[in-house]
Amino acid sequence: MVYPSGRHFLQIPGPTNIPDRVLRALAAPTIDHRGPGFSRLAREVLEGLGRVFGCSGPVVVFPSSGTGAWEAALVNTLSPGDRVLMFETGHFAALWCGVARRLGLEVEFVPGDWRHGVDPGEVRRRLAADWRGETKAVAVVHNETSTGCTSRIAEIREAMDEAGHPALFLVDVISSLGSIEYRHDEWGVDVAVGCSQKGLLLPPGLGINALSERALEASRGARLPRSYWDWRPMLESNEEGYFPYTPPTNLLFGLREALAMLFEEGLENVLARHRRHAEATRRAVRAWGLEVLCLEPAEYSASLTAVLMPEGHDADLLRRLVLEGFNMSLGAGLGKLAGRVFRIGHLGDLNDLMLVGALGGVEMGLSVAGVPHSKGGVMAAMEYLVETAPVAGRRA
Ligand code: PLP
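The residue numbering used here restarts from 1 in each chain and proceeds along that chain's sequence as written. For a predicted model such as this one, the threshold for reporting local features is a pLDDT of at least 70, and the threshold for listing and counting side-chain atom pairs is 80 or more; totals across whole chains, interfaces and linings nevertheless cover every residue.

Undergrad: Go over the sheet that holds strand β2 (residues 59–63), please, and point to the residues and values.
TA: The pairing of strands in a sheet happens through backbone hydrogen bonds and is either parallel or antiparallel. By this definition, two strands are paired if DSSP reports at least two bridges between them. The secondary structure listing takes helices from DSSP runs of H or I that are at least 4 residues long and strands from runs of E that are at least 2 residues long, numbered from the N terminus. Taken in spatial order, the 7 strands line up as β2-β10-β9-β8-β5-β3-β4 in an open sheet, and their pairing is mixed. In this open sheet, the two edge strands, each paired with only one partner strand, are β2 and β4 (106–110). Strand-to-strand, the axes of this sheet are offset by a mean angle of 20 degrees, without reference to chain direction. The sheet contact formed by strand β8 (residues 168–172) and strand β9 (residues 191–195) spans 3 bridges and is parallel. Counted as the bridge partner of Leu170 is Val191 from β9. Every axis corresponds to a line fitted to the C-alpha atoms, with the helix fit spanning only the stretch in contact, and the corresponding angles, defined between N-to-C directions, vary from 0 to 180 degrees.

Undergrad: Account for the UniProt feature "domain: Aminotransferase class V" (unreviewed entry) in the chain, naming residues and giving values.
TA: UniProt positions are given in the numbering used here, feature names are shortened, and annotations may be inferred rather than shown by experiment. Mapped onto this structure's residue numbering, the UniProt feature "domain: Aminotransferase class V" (unreviewed entry) falls at residues 30–329. In residues 30–329, the share of helix is 43% and the share of strand is 17%. The end C-alpha atoms are 31 Å apart.

Undergrad: Residue-level account of the UniProt feature "binding site: substrate" (unreviewed entry) in the chain, with values.
TA: Per the UniProt record, the feature "binding site: substrate" (unreviewed entry) sits at Arg343. Mapped onto the fold, Arg343 is located in strand β14 (residues 341–345). Residues are defined as contacting one another if the C-beta atoms placed from their backbone atoms lie within 7 Å. Beyond its immediate chain neighbours, meaning those up to four positions away, Arg343 contacts Pro13, Gly148, Leu304, Ala306, Leu330 and Gly331.

Undergrad: Describe the sheet that holds β14, listing the residues and the values that go with them.
TA: The mixed open sheet is built from 5 strands, whose spatial order is β1-β13-β14-β12-β11. Single-partner strands in this sheet number two, and they are β1 (9–11) and β11 (291–292). The pairing of β1 with strand β13 (residues 328–332) spans 3 bridges and is parallel. Bridge assignment links Phe9 to a residue of β13, and that residue is Met328. Sheet contacts for helix α10 (residues 267–288): β11, β12 (304–308) and β14; angle to β12, the most-contacted strand, approximately 15 degrees. Lying over the sheet, helix α11 (residues 315–326) contacts β13 and β14, oriented at roughly 165 degrees with respect to β13.

Undergrad: Report on the nonpolar core, specifying residues and quantitative values.
TA: Membership of the largest hydrophobic core comes to 82 residues, with the highest contact counts inside it found for Phe53, Val138, Val140, Met160 and Leu255. For this core, the element with the highest residue contribution is helix α9 (residues 249–265), accounting for 7 residues. The contact partners of Met160, leaving out residues within four places of it in the chain, are Val123, Leu127, Val138, His165, Ala167 and Phe169. Grouped together as the second largest cluster of nonpolar side chains are 36 residues, Trp288, Leu290, Leu330 and Val371 included. Put simply, a nonpolar core is buried Ala, Val, Leu, Ile, Met, Phe, Trp, Tyr and Cys residues tied into one set by C-beta atoms within 7 Å. Burial in this document is a count-based property: other C-beta atoms within 10 Å of a residue's C-beta are tallied, and the residue is buried at 20 or more, exposed at 12 or fewer, or partly exposed in between, with C-beta positions derived from the backbone.

Undergrad: I'd like a rundown of the pairing of β9, residues and numbers included.
TA: The buried fraction of β9 is high, at 5 of 5 residues. Burial along β9 is two-sided: Val191, Val193 and Cys195 and Ala192 and Gly194, pointing in opposite directions, are all buried.

Undergrad: Please set out the packing of α10 against helix α12 (residues 352–368) residue by residue, giving values where relevant.
TA: One way to put it is that α10 packs onto α12 with a least axis distance of 11 Å and a crossing angle of 20 degrees. Between α10 and α12, the interaxial angle falls into the category roughly parallel. α12 is crossed by α10, and the crossing has right-handed handedness. Facing His277, Ala280, Thr281, Ala284 and Trp288 of α10, the residues of α12 in contact are Leu355, Leu359, Glu363 and Leu366. Residues were grouped as follows: Ala, Val, Leu, Ile, Met, Phe, Trp, Tyr, Cys and Pro as nonpolar; Asp, Glu, Lys and Arg as charged; and all remaining residues, including Gly, as polar. Taken together, the residues of the contact of α10 with α12 break down into 6 nonpolar, 2 polar and 1 charged. These descriptions rest on fixed angle ranges, namely under 35 degrees for roughly parallel, over 145 for roughly antiparallel, 65 to 115 for roughly perpendicular, and the rest for oblique. Whether a crossing is left-handed or right-handed is set by the direction in which the near helix is turned from the far one by less than a right angle, anticlockwise for left-handed and clockwise for right-handed.

Undergrad: I'd love a proper account of the packing of helix α5 (residues 120–129) against helix α6 (residues 153–162), names of residues and values included.
TA: Interhelical geometry of α5 versus α6 gives an angle of 25 degrees and a closest axis separation of 8 Å. One finds that α5 runs roughly parallel with respect to α6. When you trace α5 past α6, the crossing you get is right-handed. Counting all contacts with α5, which are made through Pro120, Gly121, Val123, Arg124 and Leu127, the residues of α6 involved are Glu155, Ile156, Glu158, Ala159, Met160 and Glu162. Among the residues forming the contact of α5 with α6, the class breakdown is 6 nonpolar, 1 polar and 4 charged.

Quick look at the structure:
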């Protein structure tokens, strides 16, 4: 194979590109996970994660992918046969539903069109109808990575409160944490499910749960079998800054550096940067004459944009040509969207020039693949980036 010179553009919506500072931190020699240095490291990252989640309760970190953290959220809070209300926002909601069903939970899976987030009104109606209180949890994917649609978590919380329903609120923040506003305590979420390879700027390998007081209470009575995913030994060990088994020490070195970078930039600035890059991307897509998959502007994702291909054109061919021609990876259409959409990831450690480069790769790819489109998408994005650039001393 010919050496593909220059940096690969990893524009999938996670794993995201890893900053050099984090790569260097990951490469430090592994330390004794029962020594004092590790204890300081663990306390520091758990405290920092709490800040990112907006969670004053405990945060639990498993050596796992996000799927493990999904399972942990369920097995620690629920019992066999419990009813869970879930919504088919896309591929990841369907996968989480599958995990719940395989664990022996009874899922009421509300169908969706994969072009919207969860309708808070639907949550209110379903819970209000459940006057027996059979639904034990509502589980929602905050940012559906397969569609680029977000769900309005604060409004869903309000709907649950209006229905006066005591169900637990479980939220997947895997592709929103560190990219899209998320306020764990303020929005009354009981368990948030996160992982390392998206807005946290790390490789895959950490699955994360952020907990509320109610979640801890529920975990005392929950009867689904749990061993590896059990919060209890983890919380006990974390008190002293340790893990109940060998932790992923080097990923935690990386996490400490990634958190430092997020705090140096400022969490609000990080979120604003994501919103701005998402808007620039949508302007490019519209200028090309293509369609953004998400139909509801209030639900546009700030971490990725899914783009519908014109009828008769294959998104996977476009992605292949972009990879071969321009050394850039774009996200594939997943599940029933396979071949029909491609996804531009604009989350993680990204700046304006990286985004312009990524959009340039898409625009060139559309030409090479013979996809009918108008020129000028990159130009439209650049104009917006210039208009909104946080440049000091700008002339009117
Ligand atoms: N939930 C969402 C929203 C995701 O985007 C993903 C993966 O991309 C997952 C869950 C599953 O995470 P993992 O592949 O790390 O198990």
